[in-house]
Amino acid sequence: MNSASRWFMGVLAVAVTTAVSVGAFNVVVDPWGLNYWLQKEGFNRAKPDVVRYSRLAKAHAVVRLKPTGAVFGTSTAEQGLDMAHPVWHDYPRAQNLGFAGATIEEIQLFVQQAHAVSKLRRIVIGLDFFSFNANLGVNPQLQEALGAMRNPLIGWRPYFSWKMFAASLDTLLQQPSLTPYYLMNGQSDPAFMQQWVSASGGHRRVFLFSERGLVKGLLPQPSLRFELQKGSAPSSIDHLRELAEFAQREGIELRLFFSPTHARLLETIRILKLWPHFEFWKQQAVLAVEPIAQRANGRISIWDFADYSAITAEPLPAERDATTRMRWFWDAQHYKPELGNLVLDRLFGSGTAGAFSPPGYGVQVNAANINKHLLGLRGRQQAYEAAHQDELAEIRANIEKALRTQGIRLN
Amino acid sequence: MLFNSYAFIFLFLPVTVAVYFLICRLQHALAAQVWLVAASLFFYAYWNPVYLPLILGSIGFNYAVSRTILICSGDRTARSALAFGVAANLLLLGYYKYTGFFLQNLGAMAGANPGLLNITLPLGISFFTFTQIAFLVDTYRHQASRPGLVNYALFVSYFPHLLAGPILHHREMMPQFEDARNQRLLPENFARGLLQFTLGLAKKVLIADQLADIANAGFSQPGQQALIDAWCVSLAYSLQLYFDFSGYTDMALGASRMLNIRLPANFDVPYRALSIRDFWRRWHITLSRFLREYLYVPLGGNRGGALATARNIMLTFVLGGLWHGAGWTFLAWGALHGMALVVERAWRGAGAALPNWLAWLLTFTFVNIAWVYFRAASLADAHALLEGMAGLRGTGALSLGGREIAVMLLGAALALFGNKAADLAEQCRLNVRTALATGALLATCVLALTTTSPFLYFNF
């Protein structure tokens, strides 16, 4: 062997050793929650980076656990729907496959790929207004997540990266001070959420934070545009229709629902002058699903919980009150599992969490009743507005503050 | 297929090289060439097989035209065949690259909206069209050899250069493909090829892709950049483009050298240039060579007095700009360089000279400003960023983080003071220390390959 050949072998040996060492370290620490082979309290049980890679983590969960029942949606479904609820008892290893910032297009693609890997029989999907904004686009990580479900070899790729190596180090260094974000079923751990609310200064603070975050993060600046369709691409409603048709074609039981949001979030939408879009979104979604639901003989339905009610108008603690716990909400966008359980009761008529109250909240919507329902919603909105002037002033000031940092004035 | 992908690094390149030398070892030179053609076409079709018939048709057509020119050599038919061949190539390029632009502007002038034409630019079409036009012209001039179909197909489709150059010249390539000495594995070439490939990969992954974040963010909001940020954005792009394109070229040269085929150099530390003429001798050298030999000289070059020379320079650079893309921004970029060369020529003619530091500063500043047109989505966007660079939006504060500043400084230092990757690969001593360093660098790059990041010149 001449010197050039020896040199080449040396290069190869160093490169392979380095890459394999980094990969092995990442597999063991598993900072993005991809394999859960080794879970040790104080070593790697809490994973500070996992939320940023939730698409990937949930894709790996599908491949690893092959659930037959699952929840899909955004972080609202992820934080609010309890996988220990009795509606999942006949669906072993049911998983919460919601992830933060999911758009309806992403949800559609994820559901279809997950079904290809793990024959789904029952799915529940939370629909959020902002996840239908066509200006948001698909997160680049989604392709990697879909690839990991399609081909297990691709699923190994993230381990061989400096990005995950940095996350592994971060995981080890931060370990003693952290609470895990996820339960093993993919649902956000309520203990983590409660800790986060307290550490952030209480519910009112996180409400204000989430309302500002919504303006900054979910509406493209500076025009704050909400659109169901961008250019000639399929609209968000098309993605929903495709999703429902897919479920019907594959014989999957599907429950769709407009996610419960606190009344303050509905008011934020109104102040941002998005209310007509909000009503139009609900109406179009219902009309798109209607013919498919009719063909599915009750196995597909759509419900509305994004409404004003005693639950969604739950009063907030005072600003400096970091200890009082709200019953139904973490912040303006995210509901607690207590409310999620009521939603699941309503969707499946199980009634395990007690009688649903207040009456009239959480109705099944269809082509026949949607317009009347939206008219009623407008009335309830006006009643809320009249009774909560102080809250409204606070919301408006908060939004203006968020916009000011972007150099935008609220008209 | 991208050079900076797992599929290329771990599968395509090793398999292609191994099978090629295995066939060569079995004394099947033609079969080895056929293998390289097949591998190159697979490489081309990997991303989108739709355009495979296009490149095959283009190869077949140009080969047939070249044979016609040879058979009819000396009579008017040869000239007609050449004209037909060149026109057909330009029409093909024009259809895919300029139809949308032409119709849109025609519509705008007529006050109508022709709508969007969905014509996707086939990968590498600008490169393989130019390569073949040069071959036809030289065949007509009796300056080209008479290759067999396989050799010709390999010259056009050879995977290291296919998607983004260098723009090959048949004179320097075809003899190499046929040389029996190149048909056995030479460890020295393989090792130095691997080193140059690794250095190119590092330029792309560790520098260009990091700078891309700064440039992309800035160019997405060109009207919001004040003086400091606007300059950072434009400098980041200038460096990104250099490291991206020269990184690609180093990877191409390195991969090709593993097969004992030497591709021409495309870069010679261009940001050290002391004049615009000097810059074009250092930047995208094979394009400059093509434009000079097949456009500027046939137009008359500098043989017709100052005005005619200025006209020829302007035409060459405007068309060179448009070659990069169908848009007013590319036209403006080409025209700016053309004008700069005309002014520089007049300045030199007057016998005026500048100290080197000032000449470098003026050259680099001009090149950097011209890149703004090259990168911006529209003339309005380019002007918006230039307004920021001119201080019309105030000084502002530096918004880059420590990591971003470090990458920019590293990029600038390497671009201005670093050795060429080709020189490093050539002069490096193949010992334990360099094996360790190369292995570590290769691993570092591979572990940084987390997202697909196409090369900028794939768009052209």
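### Focus on the overall build of chain A
So, point 1. Along the backbone of chain A there are 15 helices and six strands.
So, point 2. Radius of gyration (C-alpha) of chain A: 23 Å, near the 22 Å computed for a compact globule of 411 residues.
So, point 3. In terms of principal-axis extent, the alpha carbons of chain A reach across some 85 × 50 × 45 Å.
So, point 4. Per-residue burial for chain A yields a buried fraction of 56% across its 411 residues.
So, point 5. Long-range contacts, defined here as pairs at least 24 residues apart, represent 79% of the contacts in chain A between residues at least 6 apart.
So, point 6. With the model as given, the accessible surface of chain A reaches about 16,800 Å², and the carbon-plus-sulfur share is 56%.
So, point 7. Of the charged side chains in chain A, 43 are positive and 35 negative; the average position of the first set lies 4 Å away from that of the second.

### Re the nonpolar core
So, point 1. Grouped together as the largest cluster of nonpolar side chains are 114 residues, with contacts concentrated most on A:Phe72, A:Phe110, A:Ile125 and A:Leu127.
So, point 2. Per-element accounting of this core gives the leading share, nine residues, to helix H12 (residues 275-295) of chain A.
So, point 3. In contact with A:Ile125, other than residues within four places in its own chain, are A:Phe72, A:Ile107, A:Val111, A:Leu243, A:Leu254, A:Arg255, A:Leu256 and A:Phe257.
So, point 4. One finds B:Val17, B:Phe190, B:Leu253 and B:Leu430 within the second-largest nonpolar core, a separate group that totals 99 residues.

### Details of the interface of chain A and chain B
Accessible area lost during the coming together of the parts is what is often quoted as the interface size.
So, point 1. Contact with chain A, which involves 18 residues of that partner, is made by 23 residues of chain B.
So, point 2. There are zero salt bridges connecting chain A and chain B.
So, point 3. Per-element accounting of the side of chain A that touches chain B gives the leading share, eleven residues, to helix H1 (residues 3-29) of chain A.

### Side note on the pairing of strand E4 (residues 253-258) of chain A
Residue and element names in this part refer to chain A.
So, point 1. Here E4 lies mainly inside the structure; six of its six residues are buried.
So, point 2. Burial of E4 is two-sided: the residues Glu253, Arg255 and Phe257 facing one way and the residues Leu254, Leu256 and Phe258 facing the other way are all buried.
So, point 3. Strand direction decides the pairing type here: strand E3 (residues 122-127) and E4, joined by six bridges, are parallel. Its bridge partner lying in E4, Leu127 is registered against Phe258.
So, point 4. Sheet analysis places E4 next to strand E5 (residues 300-304), joined by five bridges and oriented parallel. Following the sheet pairing, Arg255 is matched in E5 by Ser301.

### Notes on the pattern of salt bridges
Note on pairing: side chains with opposite charge can pair once their charged atoms come close.
So, point 1. In this structure the tally under the stated criterion is 34 salt bridges over all chains.
So, point 2. A:Glu391 is paired through a salt bridge with A:Arg204; the nearest N and O atoms lie 3.4 Å apart. Of this pair, A:Glu391 sits in helix H15 (residues 389-404) while A:Arg204 is found in helix H9 (residues 203-217), placing the two residues 187 residues apart along the sequence.
So, point 3. The class for A:Glu391 is buried, based on a relative accessible area of 16%.
So, point 4. Accessibility expressed as a relative area gives 11% for A:Arg204, which makes it buried.
So, point 5. Residue B:Asp250 is joined to B:Lys203 by a salt bridge in which the shortest nitrogen-to-oxygen separation is 2.7 Å. In this pair, B:Asp250 is assigned in helix H10 (residues 227-258) and B:Lys203 in helix H9 (residues 187-220), connecting sequence segments 47 residues apart.
So, point 6. Connected via shared salt-bridge partners are A:Arg204, A:Glu211, A:Arg264, A:Glu391 and A:Glu394.

### As for the environment of B:Ile133
So, point 1. Along the chain, B:Ile133 turns up in helix H5 (residues 125-140).
So, point 2. The spacing of B:Ile133 and B:Asn89 is 44 residues in sequence and 7.1 Å in space, taken between C-alpha atoms.

### Some words on the packing of aromatic side chains
Aromatic ring pairs are defined here through the distance separating the ring centres and the angle between the ring planes.
So, point 1. Within the structure shown, the criterion is met by 72 aromatic pairs over all chains.
So, point 2. Where A:Phe129 meets A:Phe130, the ring centres are 5.0 Å apart and the plane angle is 65 degrees; that geometry is what we call edge-to-face. Neither A:Phe129 nor A:Phe130 differs from the other in exposure class; each is buried.
So, point 3. Judged by centre distance (5.6 Å) and plane angle (35 degrees), the rings of B:Phe130 and B:Trp323 are tilted. Here B:Phe130, found in helix H5, pairs with B:Trp323, found in helix H13 (residues 305-324); they are 193 residues apart in sequence, far enough to count as distant. Residue B:Phe130 shares its accessibility class with B:Trp323, and that shared class is buried.
So, point 4. Taking NZ or CZ as reference, A:Lys47 lies 5.4 Å from the ring centre of A:Tyr36, over its face.
So, point 5. We note A:Lys336 situated over the ring of A:Trp330; from NZ or CZ to the ring centre the distance is 4.7 Å.

### Comments concerning the domain arrangement of chain B
Residues and elements named next belong to chain B.
So, point 1. For chain B, the assigned domains are domain 1 (6-184) and domain 2 (189-459).
So, point 2. The C-alpha centroid of domain 2 is placed 25 Å from the C-alpha centroid of domain 1.
So, point 3. Each side of the interface is counted separately: domain 1 has 41 residues, and domain 2 has 40 residues.
So, point 4. Carbon and sulfur atoms make up 70% of the area that domain 1 and domain 2 hide from each other, which totals about 3,500 Å².
So, point 5. Inspection of the domain 1/domain 2 interface yields one salt bridge.

### Some points on the packing of helix H4 (residues 76-110) of chain B against H5(B)
Residues and elements named next belong to chain B.
So, point 1. Contact geometry for H4 and H5: axes closest at 10 Å, N-to-C directions at 170 degrees. As far as their axial angle goes, H5 and H4 are roughly antiparallel. The segment H4 lies against H5, with Ala78, Arg79, Leu82, Gly85, Val86, Asn89, Leu90, Leu92, Leu93, Tyr96 and Lys97 engaging Ile125, Ser126, Thr129, Phe130, Ile133, Leu136, Val137 and Tyr140.
So, point 2. Looking at the contact of H4 with H5 residue by residue, the classes come out as 13 nonpolar, four polar and two charged.

Calculation notes
Residues numbered from 1 in each chain as written. Chains lettered and ligands numbered in written order. Predicted model: local features only at pLDDT ≥ 70, side-chain atom pairs only at ≥ 80, totals over all residues. Heavy atoms only, no water. Helix = DSSP H or I, 4+ residues; strand = E, 2+ residues; numbered from the N terminus. Rg over C-alpha atoms; globule rule 2.2 N^0.38 Å. Buried < 20%, exposed > 50% of the residue type's maximum accessible area, 1.4 Å probe, protein only. Contact = heavy atoms within 4.5 Å. Areas by Shrake-Rupley, 256 points an atom, 1.4 Å probe, with all protein chains shown as cover. Lys, Arg positive; Asp, Glu negative; His and termini not counted. Charge placed at Lys NZ, Arg CZ, Asp CG, Glu CD. Core = buried A, V, L, I, M, F, W, Y, C linked by side-chain atoms within 4.5 Å. Salt bridge = Lys/Arg side-chain N within 4 Å of Asp/Glu carboxyl O. Pairing = 2+ DSSP bridges. Phe/Tyr/Trp six-rings, centres within 6.5 Å; stacked < 30°, edge-to-face > 60°. Lys NZ or Arg CZ within 6 Å of the ring centre and 35° of its normal. Domains from an automatic or database assignment. Buried area = accessible area lost by both parts, 1.4 Å probe. Axes fitted to C-alpha atoms, helices over the stretch in contact; angles between N-to-C directions. Parallel < 35°, antiparallel > 145°, perpendicular 65-115°, else oblique. Nonpolar A, V, L, I, M, F, W, Y, C, P; charged D, E, K, R; others polar.

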